[in-house]
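As a plain string of letters, each chain reads:
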Amino acid sequence: MADTTTASGAATTTTDGEQKSRHQEVGHKSLLQSDALYQYILETSVYPTEPEAMKELRELTAKHPWNIMTTSADEGQFLNMIIKLINAKKTMEIGVYTGYSLLATALALPEDGTILAMDINRENYELGLPIIEKAGVAHKIEFKEGPALPVLDDMVADEKNHGTYDFIFVDADKDNYLNYHQRLIDLVKIGGVIGYDNTLWNGSVVAPPDAPLRKYVRYYRDFVWELNKALPADPRIEICMLPVGDGITLCRRIK
């Protein structure tokens, strides 16, 4: 028998075979092949320092039927740290869900920091909004409901928006990641950072052709592959791919 970690951080017991299948699907938020090691990271580093508001939102989201869409607690901690390290003030987030990563960013930003947040589903965002408001950071967020690409096109068309964003986090429809990148590269400043989530797609990027994957995992894997090939070839950025959460690739614009 082996221990696994649920979305709320609780450990459950499964057979070794069940544990292996969880790692083959996006249902497991860590790429670590040892659940015990991932639990150690959470209990030693993440949970003891997780702000109460983030804990409350994480536990609320764990009860949602689409909880697989949430950012993992360790990635939330990572995003919070990145924002502080680069002294970000003006940020953007594409793909919000209930707002766990959004809250991690908002808490890290200075009092006059801003986040342009976009998602096609306002209802999910409003689930977490009371917690964000209680944390005192809702004033930093401008939420736009609907597809992000038309908004980005309008922003790119106005050169006043070029090079104005310090940090951009993308955790949305994988089939549009390259379309997002083509626009975001104009909006992020030189020295600024774009973070693309799920770039290791639960390890499926190296799974054999006949691997037992869910249909949506197999479908979106092709688009993740395309992104992972395109980013290193883009001379305007330098990148770092990290096995945090479901894989995150940081792109620092250099020209």
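Residues numbered from 1 in each chain as written. Predicted model: local features only at pLDDT ≥ 70, side-chain atom pairs only at ≥ 80, totals over all residues. Heavy atoms only, no water.

(A) Just the side chain of Thr71, in detail. Following the sequence through the fold, Thr71 ends up in the loop between helix 3 (52-62) and helix 4 (73-85). For Thr71, a relative accessible area of 6% gives the class buried. (Helix = DSSP H or I, 4+ residues; strand = E, 2+ residues; numbered from the N terminus. Buried < 20%, exposed > 50% of the residue type's maximum accessible area, 1.4 Å probe, protein only.)

(B) Structural view of the nonpolar core. With 35 residues, the main nonpolar core has Leu102, Leu103, Tyr125, Ile132, Ile141, Phe167 and Ile248 as its most contacted residues. Residues within four places of Ile248 in sequence aside, it is in contact with Glu75, Phe78, Leu79, Phe169, Tyr196, Asp197, Thr199, Cys240, Met241 and Leu242. Residues Ile94, Ile168, Ile194 and Ile237 belong to the second largest nonpolar core, which totals 24 residues. (Core = buried A, V, L, I, M, F, W, Y, C linked by side-chain atoms within 4.5 Å. Contact = heavy atoms within 4.5 Å.)

(C) Main features of the environment of Gly163. Along the chain, Gly163 falls in the loop between helix 7 (148-157) and strand 6 (165-170). Not counting chain neighbours up to four residues away, the residues in contact with Gly163 comprise Asp186, Leu187, Val188, Lys189 and Arg253.

(D) Quick look at the packing of helix 4 against helix 5 (residues 100-108). Between helix 4 and helix 5, the least distance of the axes is 8 Å, while the angle of their chain directions is 30°. Comparing the axis directions of helix 4 and helix 5 gives the class roughly parallel. Considering how the two elements wind past one another, helix 4 and helix 5 form a crossing that is right-handed. Each of Ala73, Gly76, Leu79, Asn80, Ile83 and Lys84 in helix 4 lies in contact with helix 5, whose residues at this interface are Tyr100, Ser101, Ala104, Thr105, Leu107 and Ala108. Of the residues assigned to the contact of helix 4 with helix 5, the class counts are 7 nonpolar, 4 polar and 1 charged. (Axes fitted to C-alpha atoms, helices over the stretch in contact; angles between N-to-C directions. Parallel < 35°, antiparallel > 145°, perpendicular 65-115°, else oblique. Left-handed = near helix turned anticlockwise from the far one by under 90°. Nonpolar A, V, L, I, M, F, W, Y, C, P; charged D, E, K, R; others polar.)

(E) Quick look at the packing of aromatic side chains. All told, the structure shown has 7 aromatic pairs when counted by the stated rule. Taking 5.3 Å as the distance between ring centres and 65° as the angle between the ring planes, the aromatic pair formed by Tyr219 and Phe223 counts as edge-to-face. Placement of both Tyr219 and Phe223 in helix 9 (residues 215-230) is noted, with a separation of 4 residues, approximately one turn of the helix. The partly exposed category is assigned to Tyr219, whose relative accessible area is 44%. The class of Phe223 is partly exposed, set by a relative accessible area of 21%. Connected via pairs of aromatic rings, a cluster forms that spans Trp201, Tyr216, Tyr219, Tyr220 and Phe223. (Phe/Tyr/Trp six-rings, centres within 6.5 Å; stacked < 30°, edge-to-face > 60°.)

(F) Local environment of helix 2 (residues 35-46). Among the residues of helix 2, Asp35, Tyr38, Gln39, Leu42 and Val46 are the ones counted as buried. Axial view of helix 2: buried residues confined to an arc of 100°, hence all on one face. Opposite its buried face, helix 2 presents the exposed residues Ala36 and Tyr40, each directed more than 90 degrees away. (Arc of directions from axis to C-beta.)

(G) The arrangement of the pattern of salt bridges in detail. If you walk through the whole model with that rule in mind, you get 11 salt bridges. A salt bridge links Glu126 to Arg122; the shortest N-O distance between them is 3.9 Å. Of this pair, Glu126 and Arg122 both sit in helix 6 (residues 122-134), 4 residues apart, which is roughly one turn of the helix. For Glu126, a relative accessible area of 41% corresponds to the partly exposed category. Taking the shortest distance from any N to any O, the salt bridge between Asp166 and Lys189 comes out at 2.9 Å. You can see Asp166 sitting in strand 6 and its partner Lys189 sitting in strand 7 (residues 188-197), a full 23 residues away along the chain. Judged by relative accessible area, Lys189 falls into the partly exposed class, the value being 32%. Where salt bridges share partners, they join Arg122, Glu126 and Glu145 into one cluster. (Salt bridge = Lys/Arg side-chain N within 4 Å of Asp/Glu carboxyl O.)

(H) Representation of unusual backbone geometry. The phi torsion at Asn87 lies on the positive side, around 55°, for a residue other than glycine. Tracing the chain through its elements places Asn87 in the loop between helix 4 and strand 3 (90-94). Despite not being glycine, Trp201 has its phi angle at roughly 40°, a positive value. Here Trp201 lies in the loop between strand 7 and helix 9. On the basis of relative accessible area, Trp201 is assigned to the buried category, the value being 5%.

No statement about biological role is implied by the geometric values presented.
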